[in-house]
Amino acid sequence: REKREGTGGPRLAELLALGRRVWDELEASTEPSSGAPAVQDKVRQGLDVLQRAAAMVTQLELFSENEELEEIASADLKFMLLPALLGALTLKQVDLSRRKEHLESAREHFLRFLKLCRNYGLGSFQLPPGTPGEEESRSPSGPREPAQPNLVAMAMSRSAKIERYKQKKELENKLASMSSSVESGTADEDQIREFYILQIQKWIGTSLEEIESIDQELVILKSRDAARQAPAGPRGLSRPARTPVKPFILTRDAAQARVFGAGYPGLPTMTVDDWYEQRRRQGIVSQQDFGEPGSPPCPSPPAGASDEELQKQQQETKEEEDDEEALRKARDWDDWKDTHPRGYGNRHNMG
């Protein structure tokens, strides 16, 4: 008790108040980027002030693991927030080359704050996984089982986050209603003590959330560093060189391929004269069958054709020659239809 008297002197209290003021200004800042020079200067200023205050708290031995919460003076409770404020300001540094260092430093500050709060029984929470000494206390003996996704643990974690969010809103409302009386000096000692304990509980939730975010970002940074340190060389498995494929065009069958040649659009494989010359050499047509220039050729019957085929071909030729009258009538009928619409002259059953 004698150790506590006079420790909250003006110097230490002023340092903490200045650090809190810097933090509040950064939170309410309207700067478009946290990397602005004015913002980073203020961050460095706040860190310097809070580090000096934390060194004084350590030198004065304000807090001990062998004490109870009731043994701490109400005016000294606010100094428990120093590690949490240091962690929050450390995260506001934007030097990418030292990002991993800043994350690890902020995590240490938040862990120091949480351990201090747990020692004094402030809040019921568990330290984040991976905290030194935390895993050993949970499983002192026996082989550790391989990590497996635990749906129950995930559900509990989600419920804990929702509960922390609700508690945070309630604490902010209570702090807002009590801050005016505490800052004006009209609050009594019990109100002051309750006010600082509520602040500590609020920062407990903030510290747990920040540590979770830090752990996720550290995993990403480690994966990025591992990828950068990988030996230079071909990325992944090298693929065998592919031989160039000759273009081709598909056809339905061999007959279509012979007719269209290169495929669609059809490209002729020989001229008309070459075709007739080929047919003449095969004995299918003769020179006299070519007739006059511009007239269609008259193919002769193929060699080896049967009598029935010859008669059929002669009959078709005769029908073509004798059917000129029918062809003339068909053309006249087509001309008549061009000038007379459908139904012309049909007056049947009409008045």
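An unreviewed UniProt entry lists the chain under the name IGBP1 protein, from Chloropsis cyanopogon. Reading the Sequence similarities (unreviewed entry) entry of the UniProt record for the chain gives the comment "Belongs to the IGBP1/TAP42 family."

Undergrad: Explain the environment of Leu-198 to me, and be specific about the residues and the numbers.
TA: Here Leu-198 lies in helix α7 (residues 189-228). What makes Leu-198 buried here is its relative accessible area of 7%. Filtering out sequence-adjacent residues up to four positions away, Leu-198 remains in contact with Leu-171, Lys-174, Leu-175 and Met-178.

Undergrad: Talk me through the pattern of salt bridges; I want residue IDs and the actual numbers.
TA: The final tally for this structure, using the stated rule, is 13 salt bridges. A salt bridge links Lys-92 to Glu-27; the nearest nitrogen and oxygen atoms lie 3.2 Å apart. Of this pair, Lys-92 sits in the loop between α3 (82-91) and α4 (99-119) while Glu-27 sits in helix α1 (residues 10-27); the two residues are 65 residues apart in sequence, bridging distant segments of the chain. The class for Lys-92 is partly exposed, based on a relative accessible area of 24%. Across the salt bridge formed by Arg-107 and Asp-215, the nearest N and O atoms sit 2.7 Å from each other. In this pair, Arg-107 sits in helix α4 while Asp-215 sits in helix α7, placing the two residues 108 residues apart along the sequence. Each of Glu-277, Arg-280 and Arg-281 takes part in one network of salt bridges that share partners.

Undergrad: How would you sum up the environment of His-109? Please name residues and give values.
TA: As for its placement among the helices and strands, His-109 is situated in helix α4. In contact with His-109, not counting residues within four places along its chain, are Pro-83, Leu-86, Gly-87 and Thr-90. In terms of polar contacts, His-109 uses its side chain to reach the side chain of Arg-112, at 3.1 Å.

Undergrad: Account for the nonpolar core, naming residues and giving values.
TA: One recurring pattern in soluble globular proteins: nonpolar side chains tend to sit buried together. Formed by 58 residues in total, the largest nonpolar core has its most connected members in Phe-63, Met-80, Phe-113, Leu-122 and Ile-204. Listed by contribution, the elements that provide at least two residues to this core are α1, α2 (37-60), α3, α4, α6 (151-184) and α7. It is α7 that provides the largest number of residues to this core, a total of 12 residues. Excluding residues within four positions of it along the chain, Leu-122 makes contact with Leu-69, Met-80, Cys-117, Ile-197, Ile-200 and Ile-204.

Undergrad: Hey, could you go over the packing of α3 against α4 for me, with residue numbers and the actual values?
TA: It is the contact of α3 with α4, at a shortest axis distance of 7 Å, that shows an interaxial angle of 165 degrees. Between α3 and α4, the interaxial angle falls into the category roughly antiparallel. Judged by the twist between their axes, the crossing of α3 over α4 is left-handed. Between α3 and α4, the contacting residues are Pro-83, Ala-84, Leu-86, Gly-87, Ala-88, Thr-90 and Leu-91 on the first element and Arg-99, His-102, Leu-103, Ser-105, Ala-106, His-109, Phe-110, Arg-112 and Phe-113 on the second.

Undergrad: If you had to explain α3 to someone new, which residues and values would you point to?
TA: Counting along an α-helix, one turn takes 3.6 residues, and residues three or four places apart therefore face a common direction. When you tally the buried positions in α3, you get 10 out of 10 residues, the bulk of the element. If you check which residues of α3 are buried, you get Leu-82, Pro-83, Ala-84, Leu-85, Leu-86, Gly-87, Ala-88, Leu-89, Thr-90 and Leu-91.

Undergrad: Outline the packing of α3 against α7, supporting the account with residue identities and numerical values.
TA: Contact geometry for α3 and α7: axes closest at 11 Å, N-to-C directions at 40 degrees. Classified by the angle between their axes, α3 and α7 sit oblique to one another. Handedness of the α3/α7 crossing: left-handed. Touching Ala-84, Leu-85, Ala-88 and Leu-91 of α3 are Trp-203, Ser-207, Glu-210 and Ile-214, all from α7. Residue classes in the contact of α3 with α7 are distributed as 6 nonpolar, 1 polar and 1 charged.

What counts as what
Here the residue index of a chain counts from 1 through its sequence in written order. The predicted origin of the model limits local features to residues at a pLDDT of at least 70 and limits the giving and counting of side-chain atom pairs to 80 or more, whereas totals for whole chains, interfaces and linings rest on all residues. Only hydrogens and water are set aside; all other atoms, that is, all heavy atoms of the structure, feed into the side-chain values. UniProt positions are given in the numbering used here, feature names are shortened, and annotations may be inferred rather than shown by experiment. Here a helix means four or more residues in a row that DSSP labels H or I, a strand means two or more in a row labelled E, and each is numbered from the N terminus. Under the scheme applied here, a residue whose accessible area is under 20% of the maximum for its type counts as buried, over 50% as exposed, and between as partly exposed, the area being computed with a 1.4 Å probe on protein chains only. Every residue pair with non-hydrogen atoms within 4.5 Å of one another is taken to be in contact. For this analysis, a salt bridge means a side-chain nitrogen from Lys or Arg found within 4 Å of a carboxyl oxygen belonging to Asp or Glu. Each polar contact in these results corresponds to two N or O atoms within 3.5 Å; when the atoms are within protein, one needs to be able to donate a hydrogen and the other to accept it, and residues that are neighboring in sequence are counted only if both atoms are side-chain atoms. As used in this record, nonpolar core signifies buried Ala, Val, Leu, Ile, Met, Phe, Trp, Tyr and Cys residues forming a set joined through side-chain atoms within 4.5 Å. Axes, fitted as lines to C-alpha atoms, cover a helix only where it is in contact. Angles between the N-to-C directions of the axes lie from 0 to 180 degrees. Any angle between 65 and 115 degrees counts as roughly perpendicular, while under 35 counts as roughly parallel, over 145 as roughly antiparallel, and the rest as oblique. Crossing handedness is defined as follows: a turn of the near helix away from the far one that is anticlockwise and smaller than a right angle gives a left-handed crossing, while the clockwise case is right-handed. For this classification, Asp, Glu, Lys and Arg are treated as charged, while Ala, Val, Leu, Ile, Met, Phe, Trp, Tyr, Cys and Pro are nonpolar and the rest, including Gly, are polar.

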